[in-house]
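Residue strings, one per chain:
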Amino acid sequence: MNNVAARVGLVLDISGSMQLLYKNGTVQEVVERILAVACKFDDNAALDIWVYDNEFSRLSAATERDFDQYVLKNILNNRDIHKFGRNNEPPVMEDVIRKYTVEEDSPLPAFVIFINDGGVVKSIKKVIVEASLKPLFWQFVGIGDSDFEVLKKLDTMEGRIVDNANFIHIKDIAKISDEDLYNQLLNEFPLWLKAAKDKRVIRS
């Protein structure tokens, strides 16, 4: 993964079942550890962040200068954010696509890490299929104990020009080493980069 430049985004589930994970510091740990990935190959060493339940919010980016207590300051203490409702993924996914392909169109691909604790709606499939024409890779990360039925079927999803999504399940992110976490997160991204360049999904 050396010499790879990409824009890095993080989408955080803030539905009702995630409440404890926000309050016990797990989500803050996720932000800090994913930021390390962003700093490795993001073009400006910043991590773009969204949160969603049945609504979504696009937040200010996290950087090495201001990641401390990011979740408390920018999410939990932010009254403008809708929190702890039900899951609805497609609207936030459409906003991610809009940011990286319309508002900030760039030859750099986007690597989007999507944290969820289950209950993903089946209509994400349509969004992922349509997004396969875009220079954007979805890395879904399931945390906790759900069965993640929808996300487990990502690799066999048909109708895409390239396989643009991967799913990993990390039951307890506090117990996984940095090396193992990053190896799992970045496992399929290089394969997608090559396929997307071959199919001219990424502009060279």
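Cut-offs applied
- Residues numbered from 1 in each chain as written.
- Predicted model: local features only at pLDDT ≥ 70, side-chain atom pairs only at ≥ 80, totals over all residues.
- Heavy atoms only, no water.
- Axes fitted to C-alpha atoms, helices over the stretch in contact; angles between N-to-C directions.
- Helix = DSSP H or I, 4+ residues; strand = E, 2+ residues; numbered from the N terminus.
- Left-handed = near helix turned anticlockwise from the far one by under 90°.
- Contact = heavy atoms within 4.5 Å.
- Nonpolar A, V, L, I, M, F, W, Y, C, P; charged D, E, K, R; others polar.
- Core = buried A, V, L, I, M, F, W, Y, C linked by side-chain atoms within 4.5 Å.
- Buried < 20%, exposed > 50% of the residue type's maximum accessible area, 1.4 Å probe, protein only.

### Digging into the packing of helix H2 (residues 26-41) against helix H6 (residues 178-185)
Remark: H2 packs on H6, axes separated minimally by 11 Å, with the N-to-C direction vectors making an angle of 60°. Crossing handedness for the pair H2 and H6: right-handed. Here Arg-33, Ile-34, Ala-36 and Val-37 of H2 come into contact with H6, specifically with Asp-178, Leu-181, Tyr-182 and Leu-185. Grouping the amino acids of the contact of H2 with H6 by side-chain chemistry returns six nonpolar, no polar and two charged.

### Re the environment of Val-162
Counting through the fold element by element, Val-162 comes out in the loop between strand S6 (136-143) and strand S7 (165-170). Once the C-alpha coordinates of Val-162 and Lys-194 are considered, the two residues, 32 residues apart in sequence, prove to be 10.0 Å apart. Not counting the four nearest positions on each side in its chain, Val-162 is found in contact with Ser-132, Trp-192, Ala-195, Ala-196 and Lys-199.

### Concerning the nonpolar core
Ranked by internal contacts, the top residues of the largest apolar core, which has 47 residues, are Leu-12, Ile-75 and Leu-185. Per-element tally for this core: the top contributor is H2, with eight residues. Once you skip the residues sitting within four places of it in the chain, Leu-185 turns out to touch Ile-34, Val-37, Phe-111, Ile-113, Gln-139, Val-141 and Ile-168.

Honestly, that's just the spatial picture; any functional story needs more than this.
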